[in-house]
Every structure is written in C-alpha cells, then in structure tokens.
Amino acid sequence: MPPIAWFALRRVGHGVVTLWFAITITFLLLRLLPGDPATAIASTNMDATMRQELLTKYGLTESLPVQYVKYLGQLVQGDLGMSFSQSEPVSTVLMSRLPWTMLLTGSALVMTVVIGIPLGVAAATHAQGALDRAVQVIGVVGQSLFVPSVGIFFLYVLGLKLQWFPIGGAYDENVFGAAWYLDVARHLVLPCLSLVLVSLGSYVLTLRSTLIDSLGEDFCVLAHAKGTPERVVVWKHGLRNALLPTTTLLGLQLGFMVGGAVLTETIFAYPGVGREIYESVIRLDFPVLQGAFVLLALTVVVANMLTDLAYGLLDPRVRNA
Amino acid sequence: MFKVYPDVNTEILALKKGDVDVIANALPPAQVKDLKGTKGISVAEVPGLGFTHMTYNMKRKPMDNVLVRQALAHAVDYEAIRAVAVQGQAVTANSSAITDTLKEFANPSLKEYSFDPQKSKALLAQAGVKDLKLTMIYSLQDPVISAWSSMVKDSAAKAGITIDLKGMDRNTYLAKTVEGDYDIYAGSFAIMDEPVSNMSLQYLPDGAINYSQVNDPKLTKLIQQAQAAVDPEQQKTLVQQAAAHVHDNMIDNIMYVQNLNVAHSSDWDGFVVKPSELLSIVDPASLANARHK
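Small disclaimer: the values here were computed from a predicted structure and weren't measured.

Novice: Could you give an account of the overall build of chain B, with specific residues and numbers?
Specialist: Secondary structure assignment for chain B yields eleven helices and nine strands. Relative to the 2.2 N^0.38 estimate, which gives 19 Å for 293 residues, the radius of gyration of chain B is 20 Å and therefore close to what a compact globule would have. Dimensions of chain B along its principal axes, counting C-alpha atoms only, are 65 × 45 × 35 Å. Counting all 293 residues of chain B, 42% fall into the buried class. Excluding contacts between residues fewer than 6 apart, the proportion of contacts in chain B whose partners are at least 24 apart in sequence is 72%.

Here it is, written out as structure tokens:
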C-alpha cells in the first residue's frame, strides 16, 4: 500500500478512537450531573408514577453500562434520541440547525484564511517595520477579545447606530426569491465578522512567525542567490513551509469556532447548533445537548483528520514517516 | 410575528432599531432605566404576581425553632436589597405569602419584618443558639438573587450569623431543592395567582413546593379548611389566617414582589399588561387591544 494510503488509514483510525472517547465522556458527564432529567423535564408537581414513566420512556431507569451500550447502538444507526422539550428526534432538531452553523463557521474560516495569509505574509516580509508592528497589535488584541462583547459592539454600532446591518436573525421573513440569498448574506456579516476578529489574531501571528523562520532557511537563501523573484521566494517556497503549522492551527481553530459559535449564535439570535445548545442548557434538554456535543466532536475530529491529511500532502516527510 | 432572541441585549437593540415593536418578556432591572430614557420606547410597569423568598429548612436544627427563623428574618436588610439589587423595581411583600397583588386575599395586618441585627442577636440568645452557621443555595442563572445573596450574607454577619453562599447551576439547584439538601433556599415564584392552591402547594406537608419543609398541623388544618370552603368570604378569612400563621412563625420569608417592566415602541399603544411573565404584554387581550398611533 502506498505511504499516503497508510498515513490516511492511521489518521482515520486515530479519529475514530478520539471520537469514541469524546462520545463516552459526553455520555458520562451528562449522566453524572446532579439531579435526574425527570426533575428538569417535568413539573415539580409530578407524582412518583409519572416520574418513573418519564424516566423509563427516556431509558434512564437502566444501569449505566446498559444505557451506554444501547446509546452506542443507537448512535451507529444515526439515532440521537428524542428531545425532551420538543418531542422531536434530536437528529431532526440538529440537522435543521446544522446548515446555519456550517455557513457561519465555514464563512468565518474562509475569511480567516483569506485575510490571514496576506496579513501574515505582509508582516513577515516587513518584519520589525511599522506594518509588522500594526499586525502584531491587531493579532494580540484580536486574541484578547471576547466574542459576546465584540458581537454586542457590532450590533450597537453597525446595526443600531449606523443601521447598516440587521439586528440578529439569519434572514428576514418578508424577503423571498433571489433577494433572500442576499438577505442571508447581509445577516451573516456581523456574526461572521465577530468570529473572524477573534480567531484571526492567532492565525496571523503563527503564520508570521513560521514564515519569518522559513524565509531564513537555507533553501530560501539559495533561491534568492539564484535570482528567484522575491514574490516567488515568499509565496512559493517560504509560504508552503510556513503553512504546515498554520494548517494544523486551522483544524484547532475550527473546533474553537464551533464552540465560539454557541456564544455568537446566541448574541446574534442565529438559528444554528450553537444557539440550540444554549437553549437546551436553559431547558435542560439532555438528549439535544448530548447529540450536539457528539456532532461537534465529530466535526472537530473530521476537521483535524482532514488537516492532518492535508499536512501529509504538503509535507512528504510526514506521510513517509 | 414572533422573533426569538436568546440574549436580552440583542432584543433591546432590536426594539430600539425598530426591528420589533414589543418585547414580550419582562426586562431585567439593569436595563429598565436606560430604556425609560430612550426616545421612541415606552416602558410599562406592573407589580408581579409572584415573589422572591428565602425558606429556612424546618427539618434541620436549629431552623425548626421559630425564634431562630425570626432571628434570620430580622437579619435581612429588605430595603437595601430592593433599592440596590432590584434597582428600586420591587415592592415589599409585607413578609406575607399572599401579596398585595392579590388585594382581595391579602392580610392588611401583616407587616414586613424589620432589619434589626440586635433583635436577631436577642432572639438567638433566647433560643440558646450561638455561632449560627448556615449554607444558602440559589441558582446562578437568577442574576437578581445572585446580586443580593452577598447582601444577605453581609447583613446576617451583623447579627453574628454566618451564611455560606452556594450559588450553583440550575440543575444542581433543582436537585438539592427536591432533596431538601439545604439550610436556606433562595428563589422566586413567578405566578402565584390562586391563593388556596398556592398555599396548599407551599405549606402542606406533601406540597410539591414545600421548600420550608414545614409540617405544621395548625397551618395544614387552615389550608385544608380553605380548600373545602364554598363560601368565598369564609375562604378569604381562612387564607388570611393561614398567611398570618406563616408570617408570625416565619415559615417562609417573603422578601419582595418584583415589578414587571415591559417595553414597546411608542408608535403603539393600547397594550394591557398582565402581572405575569406567562402572559405579560402579549396575551391575546393585550394584542387585540393594541393600536398603531
């Protein structure tokens, strides 16, 4: 089997083990919390018979190992259980929300890369200059920002005072047809901007640092000596090596963004998985929380697997190891 | 059309911008003052149907002693809590389980326990209790109670009572409440609109929200008689007697009734605001009565 295939197989294997671990932790955490879900899902006026019926309905009367095995079996079949509060399959609840979260985090990730790479390159190629210092300040400030604060600030200034963007939501219910897509894009701007502002800093600073190191390596010095244009040295030779650690960072950032989406979607009333998680915490809807955590874990594991595979494609030393 | 905003700050910005005409939920105290001063926004205030209270677990010593409970009640600065933590948006409940919002059933003879640390000390001495140390549970999801919990601790300290605050997430709080695993419980009831049912749930031994863990034969008898009464005046008298019994024996420390503040665009009027978070400004009667100016 070719090395790249072995590499891919190993990474998929690691991913499956990581996912199983995340599922198990999620399962145990929610069941080890104080109180039983019956308290959360029904009135305190509930009598003992009703409580028992509810617990039985949601499979909470069986022993923990039995619940665990049944839960794994259900997961394999794509059954995430029933929402306590909405009496709907959890998979239906989450799948209706997932596209919005993917739109938001996907857009934020793309914007982070599209803005981050040129900024990082500019900072690295003007190291210690005014531009570099400005980028470093922006990067550090961005890392220090708290998504809800940024979100409220944007809503206040850009939404309320300047009236440039709508306050919350993903679309206007009174817009139809082709205009709807533009409306969705307009509603996406502020939440996406909030996420980008918070995640851009670490990306730019990491890229700047790794690119400065790359450009000082012998192969770049040789390229310069051979008369290779500066643009080619930076973008073809230096950047390809500098992208290796930043590619890994992207995978981690996706996990951060998906988690950050909980706060962002709550502030912007964006109808994604993150907001569903927030509302499920309030409603103590354990099956939805459980399903959402599994979904998030799957997203992060897959994203990291893909970045590892991309890393292997970029760096032959990794895939041949 | 109903729009759902999980965050209160966002919904207020939406009202200010004009994306929505009315906010259905009651506003947190911290936001009311700002909105009252905003052009184009009207804020209506009504006394709530519920109340905020602390209960002292009567199944645990020394809270089974009425003198200790009264001492605890006199160690709370109710005025300061209403002024500071609730920002003046609450009224006294006269330490009565039947508040003035239910005027027909309220007992006019009941007055709020005074904040008197010296009296607390004297009552504790009379009860033979020294170095009283208690834990108080409350939900961290309630920002108002979270705000005044430290005030309760500080004022109790003036009476020589040590209160260990245990703020916790809602599920843990509910679990401890159901199990009766607390010395002092702090919480709120939003809708207390039917006096007899409410008294039954709160103060009968098997009551679902008997957070005082009370089992008082005299109180039980009064409530059961009120349940069985067919004459409205007789029922009212029994409820008032039961409320007086709860008050005098400090079975439940009713601290205040928080006013509900609801906001809407000044372009609309005619809303009929109900004193209930379940109905508030968006009940059918209110919406049917609303008119665009």
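Novice: Can you tell me about the pairing of strand 4 (residues 133-139) of chain B, naming the residues and giving the values?
Specialist: In regular strands, side chains alternate between the two faces of the sheet. All names here are of chain B. Pairing of strand 4 with strand 5 (residues 162-168), which is carried by seven bridges, proceeds in the parallel orientation. Along strand 5, the bridge assignment pairs Ser139 with Met168. With helix 6 (residues 143-158) bridging strand 4 and the parallel strand 5, this β-α-β connection has right-handed handedness. Note: strand 4 against strand 6 (residues 184-189), two bridges, orientation parallel. Looking at strand 6, one finds that Ile137 is bridged to Tyr185.

Novice: An account of the pairing of strand 7 (residues 253-265) of chain B is requested, with residue identities and associated values reported.
Specialist: Residue and element names in this part refer to chain B. Of all 13 residues in strand 7, eleven are buried, a share of seventy percent or more. In the sheet, strand 1 (residues 41-47) pairs with strand 7 via seven bridges, with the strands oriented antiparallel. Its bridge partner lying in strand 7, Pro47 is registered against Asn259. Examined bridge by bridge, strand 2 (residues 51-56) and strand 7 share three bridges and lie antiparallel to one another. Residue pairing across strands places Thr52 opposite Tyr256, the latter belonging to strand 7. Looking at chain direction, strand 3 (residues 90-91) and strand 7 are connected through two bridges and run antiparallel. Its bridge partner lying in strand 7, Val91 is registered against Val257.

Analysis parameters
- Every chain is numbered on its own, with residues counted from 1 as its sequence reads.
- For naming, the first written chain is A and the first written ligand is 1, with later ones following in the order written.
- Given that this is a predicted model, residues contribute local features only at a pLDDT of at least 70 and side-chain atom pairs are listed and counted only at 80 or more, while totals for whole chains, interfaces and linings are drawn from all residues.
- Numbering of helices and strands runs from the N terminus; a helix is a DSSP stretch of H or I covering at least four residues, while a strand is a stretch of E covering at least two.
- Only C-alpha atoms enter the radius of gyration, while the globule expectation follows 2.2 Å times N to the 0.38, with N the number of residues.
- A residue is called partly exposed when the number of other C-beta atoms within 10 Å of its own lies between 12 and 20, exposed at 12 or fewer, and buried at 20 or more, with C-beta atoms placed from the backbone.
- The contact rule is simple: place each C-beta atom from the backbone, and if two of them lie within 7 Å, those residues are in contact.
- The criterion for strand pairing is that DSSP finds at least two bridges linking the strands in question.
- Here is how to tell: hold the view so the strands point away, follow the path from the first strand over the helix to the second, and if it runs clockwise the crossover is right-handed.

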